[in-house]
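Each chain, written out:
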Amino acid sequence: MQLNGRNILITGGRRVGAKLAVDLAGRGANIALSYFQSRETIEAVVDDVRELGVRGLAVQADLRKPADVDALVAQTVDELGSIDCLINMASTFNASPLDQLAPEDFDDNIASNLKAPYLTSIAVARAMQQNPTIDGLQGKIVNFADWAVFRPYKDFLPYLIAKGGVVTMTTALALELSPTITVNAVAPAMIDPPPHLTPEQIESIRQASPLKRIGIPSDANNLVMYLLEGTDFVTGEVFRVDGGRFLGTDHL
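So, how was this worked out
- Residue numbers run consecutively from 1 along every chain, following the written order of its sequence.
- A pLDDT threshold of at least 70 governs which residues receive local features in this predicted model, and a stricter bar of 80 or more applies before side-chain atom pairs are shown or counted, although totals over entire chains, interfaces and linings include all residues.
- Working from all heavy atoms in the structure, the side-chain values ignore hydrogens and water.
- We count a stretch as a helix when DSSP gives it H or I for four or more residues in a row; a strand needs E for two or more, and each element gets its number in order from the N terminus.
- Using C-alpha atoms as the atom set, the radius of gyration is obtained and then compared with a globule rule of 2.2 Å times the number of residues to the power 0.38.
- Relative accessibility under 20% of the residue-type maximum defines a buried residue, over 50% an exposed one, and the middle range a partly exposed one, all with a 1.4 Å probe and only protein chains included.
- We call two residues in contact whenever any of their non-hydrogen atoms come within 4.5 Å of each other.
- Surface accessibility in these figures is a Shrake-Rupley result with a 1.4 Å probe; residues are shielded only by whichever protein chains are displayed.
- Strand pairing follows a simple DSSP-based rule, namely that at least 2 bridges must link the two strands.
- Here an angle of 0 to 180 degrees is reported between the N-to-C directions of two axes, which are lines fitted to C-alpha atoms, with helices fitted over the stretch in contact.
- In the sections that follow, a salt bridge refers to a side-chain nitrogen of Lys or Arg positioned within 4 Å of a carboxyl oxygen of Asp or Glu.
- Multiplying one less than the number of residues by 1.5 Å gives the expected span of a helix.
- Two axes enter the bend calculation: one fitted to the seven residues ending at the residue in question, the other to the seven starting there, and the bend is the angle between them.

A. Up close: the overall build of the chain. Counting its secondary structure elements, the chain contains seven helices and seven strands. Computed over C-alpha atoms, the radius of gyration of the chain comes to 18 Å, within 12% of the 18 Å expected from 2.2 N^0.38 for 252 residues, which places it in the range of a compact globule. In terms of principal-axis extent, the alpha carbons of the chain reach across some 50 × 35 × 35 Å. The 252 residues of the chain split such that 50% are buried. For the chain, long-range pairs separated by at least 24 residues make up 73% of all intrachain contacts whose partners lie at least 6 apart in sequence. Working note: accessible area of the chain is about 11,900 Å², and carbon and sulfur atoms make up 53% of it.

Here is the structure:
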């Protein structure tokens, strides 16, 4: 799929997604970004997108709510004309030690990390099915999962259950939407460490990787680019981008 002139919706564009939005805009794609609370951050990304000569759009939405998702999709289609690609990146990541687990930990993680991308994928897929079929395709969806669903670590049980659901959703939805919409997933390890981690925590994660480094946004984003523009012959796949951590024996 050629990205020039395509319309792409990204959920969650504060860090890795911000770089992806600019990279896609550099390929000539128009970009819509959803946000929940980070209005100023997302609007700054949209400004960067527009400076590249394409259209950019920021839309507030609580993706846990079907009405908000429907409004997000409707506004994106209304202003850009269609949605050709969806990148589901919005997520929450909070520790839930077993001895402190509360029922709301499960509910919150399922809502933010599974229900939200599920609702968004279904709503966008229905919009994509109204697109003309070009070279056999009406659209592409890329979800973000987590490498640790394949080798879990402690203290994140509800989070990993939800992200495991994203993996199953990816494979099942790829079949449901074939042959005209592809669905794949990226399962990263540490990419661009979040600000709440201490230097000591980041170093321990680096040491846990066989490649002995922390990922940068391009490590994940280049794979997204490949799935969108580099091939039309992959669907239902989940790609780990983890520096080899799946191969290790640690449980960090």
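B. Molecular detail of helix α1 (residues 16-26). Those residues of α1 that fall on the buried side of the exposure criterion are Val 16, Gly 17, Ala 18, Leu 20, Ala 21, Leu 24 and Ala 25. Where the residues of α1 are buried, they touch β1 (7-11), β2 (30-35), α2 (39-50), β4 (85-88) and α7 (217-230). Just downstream of α1, Gly 28 is the residue with a positive phi angle, here 95°.

C. The sheet that holds strand β6 (residues 181-188), seen in detail. One open sheet holds the seven strands; their spatial order is β3-β2-β1-β4-β5-β6-β7, and the pairing between them is parallel. Of all strands in the sheet, those bounded by a partner on one side alone are β3 (56-60) and β7 (238-241). The mean angle between the axes of side-by-side strands here comes to 15°, regardless of whether they run parallel or antiparallel. Where β6 lies against β7, four bridges are found, and the strand directions are parallel. Each residue of the ladder has a partner; that of Val 186, found in β7, is Phe 239. The strands touched by α1 within the sheet are β1, β2 and β4, with β1 carrying the most contacts at an inclination of about 175°.

D. Up close: the pattern of salt bridges. For the coordinates displayed, the defined rule picks out nine salt bridges. The partner of Arg 206 in a salt bridge is Glu 203, with the nearest N and O atoms 2.7 Å apart. Here Glu 203 and Arg 206 lie together in helix α6 (residues 199-208), a separation of three residues that amounts to about one turn. A relative accessible area of 26% places Arg 206 in the partly exposed class.

E. Fine view of helix α4 (residues 103-128). Here α4 contains 26 residues, and its C-alpha end-to-end distance of 36 Å stays within 8% of the 38 Å for a straight helix at 1.5 Å per residue. Of all the bends in α4, the greatest, near 40°, is centred on Lys 115, and the proline Pro 117 appears no more than four residues after it.

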